[in-house]
Amino acid sequence: MDAEPRLLLITEDRVLRDDVALIAATVGAALESRSSWEAVVPQEWAVLMCGTDRLPSLPQLARGALLLSSSGARQGQDQQLWRIAAEHPGLQPVPLPAAQAWLAGHLGERVLDRGPGRVVAVAGVLGGVGASTVAYLLAAEQAVRGASALLVDADPAPGSGIAGLMGVAEVSCGALNGRGREDRRGPAAAERGEEFGWEELAGLQGEIASPQLAAALPLRDGVHMLSGAPGFDARRRMLGPVVRSALRVFDTVVIDVGRDADAVALVREHLHQLLLVTPCSARGAAAARQLARALTGVPPMLVANGAGHLGWSPQELAAATEIPLAGDLPEQRWLRREDELGAAYELLRSRRGAAYIGTLLEVLDLERGLRHE
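Here the residue numbering is sequential within each chain, running from 1 through the sequence in written order. Where local features are concerned, this predicted model is filtered to residues with pLDDT of at least 70; where side-chain atom pairs are given and counted, the filter is 80 or more; whole-chain, interface and lining totals use all residues. Side-chain descriptors were evaluated using all non-hydrogen atoms of the structure, hydrogens and water having been removed beforehand.

Draft legend 1. Molecular detail of the overall build of the protein. Helix and strand counts for the protein come out as 16 helices and 14 strands. Each residue is placed in one exposure class: buried if its accessible area under a 1.4 Å probe, protein chains only, is under 20% of its type's maximum, exposed if it is over 50%, and partly exposed if it falls in between. Residue burial in the protein is summarised as follows: out of 373 residues, 54% are buried. Any two residues whose heavy atoms approach within 4.5 Å are treated as being in contact. Excluding contacts between residues fewer than 6 apart, the proportion of contacts in the protein whose partners are at least 24 apart in sequence is 76%. Carbon and sulfur atoms make up 51% of the accessible area of the protein, which totals about 15600 Å². Helix numbering and strand numbering both begin at the N terminus, where a helix is a DSSP run of H or I of at least 4 residues and a strand a DSSP run of E of at least 2. Each accessible area is a Shrake-Rupley result for a 1.4 Å probe, and residues are judged covered by the shown protein chains and nothing else.

Draft legend 2. Broad picture of the packing of helix α12 (residues 282-294) against helix α13 (residues 314-321). Taken N-terminus to C-terminus, the directions of α12 and α13 make an angle of 40°; their axes are 9 Å apart at the nearest point. In terms of their interaxial angle, α12 and α13 are classed as oblique. Considering how the two elements wind past one another, α12 and α13 form a crossing that is right-handed. Contacts between α12 and α13 involve Ala285, Ala288 and Arg289 on the former and, on the latter, Leu317, Ala320 and Thr321. Taken together, the residues of the contact of α12 with α13 break down into 4 nonpolar, 1 polar and 1 charged. Axis lines are fitted to C-alpha atoms, over the contacting stretch for helices. Their N-to-C directions set the angle, which ranges from 0 to 180 degrees. For classification purposes, angles smaller than 35 degrees are called roughly parallel, those larger than 145 roughly antiparallel, those between 65 and 115 roughly perpendicular, and all remaining angles oblique. Handedness of a helix crossing follows the sense of rotation of the near helix relative to the far helix, less than a right angle counterclockwise being left-handed and clockwise being right-handed. Note on residue categories: nonpolar means Ala, Val, Leu, Ile, Met, Phe, Trp, Tyr, Cys or Pro, charged means Asp, Glu, Lys or Arg, and polar means any other residue, Gly included.

Draft legend 3. The pattern of salt bridges, seen in detail. What makes a salt bridge here is a side-chain nitrogen of Lys or Arg within 4 Å of a carboxyl oxygen of Asp or Glu, nothing more. All chains considered together, the criterion is met by 7 salt bridges. A salt bridge links Glu12 to Arg54, with the nearest nitrogen and oxygen atoms 2.9 Å apart. Of this pair, Glu12 sits in the loop between β1 (6-10) and α1 (14-26) while Arg54 sits in the loop between β3 (47-51) and α2 (59-62), and the two are 42 residues apart along the sequence. One salt-bridge network, held together by shared partners, links Asp233, Arg236 and Arg237.

Draft legend 4. Spotlight on unusual backbone geometry. Each neighbour pair has its own omega, and for Leu96 with Pro97 the value is 10°, a cis peptide bond. Along the polypeptide, Pro97 turns up in the loop between β5 (92-94) and α4 (100-112). For Glu322, which is not glycine, the phi dihedral falls at a positive 60°.

So this is what it looks like as structure tokens:
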């Protein structure tokens, strides 16, 4: 990236151009506006954006770009924004003015390097759809590819989330060495003879020093993990400070929020992407719509898990919910079947699992910008 961050907006909508220029100015970045995608090289820009009037002509241009609606859009045009995004995988819909605060935070983090890491929240629209496994696989594959990753269990339901995958009796964590799996803990946890998790965080106040957080958290498969039962008060106070601290030392922070909209709200300002894991069914579509409405201002994407019910396909799911897909994924029954972290890890090493998670990393643009290559 250039020393001076560069933002590019493709549109002929004067109102949209003025709105985005004002947002860019508030974060100290210059905005360039063009009327076409001709000769645009995505790697040359910190952030690529476009209006609904100027859609990218090639899929590689759409990947990671923001699709903006105008603040002066007429009633009903936000629905059109979601439909367009569903038809163009890779575009991330950002409805203005509802998502204005999110856009300002996103631009600030990308162009000012306030937080070098990326934050992805994973939610399940229904119970047992595989959201925790998806969250774990995202973090584990990032670690395999050389990134530093933190997996945060923010699911408050007892026995669910990453804690449910790990099992009550399994407290030590492993580090990937390419040949086998070795149990070890973070240095600070090892000195105390215990794991560092939400129970320990409940006793803290205020901000958390990044080096101490990274040193204290246990490792499994190369992934630092924050797990245990968060509790309402500890999560409300500490989830934000944890994410802010983690952004300074980890390439990727993946948060398993279960079905809890409150957890998303606590870290909304830091989120780069929200994934909704859902089955291909009428019930899944209805639940995805309901959850997306509860998460106003955070652009979501769908992860379709399982074969279609009564003719439902991933594309029909995206059309019915007006939420774009994070890739066109085949049957993935194993995401719901596996309820043990070790089995999920072995599936990641399979060709099917690696191809699946690789697709998600590509769509989420998590393959670029690693600080630990």
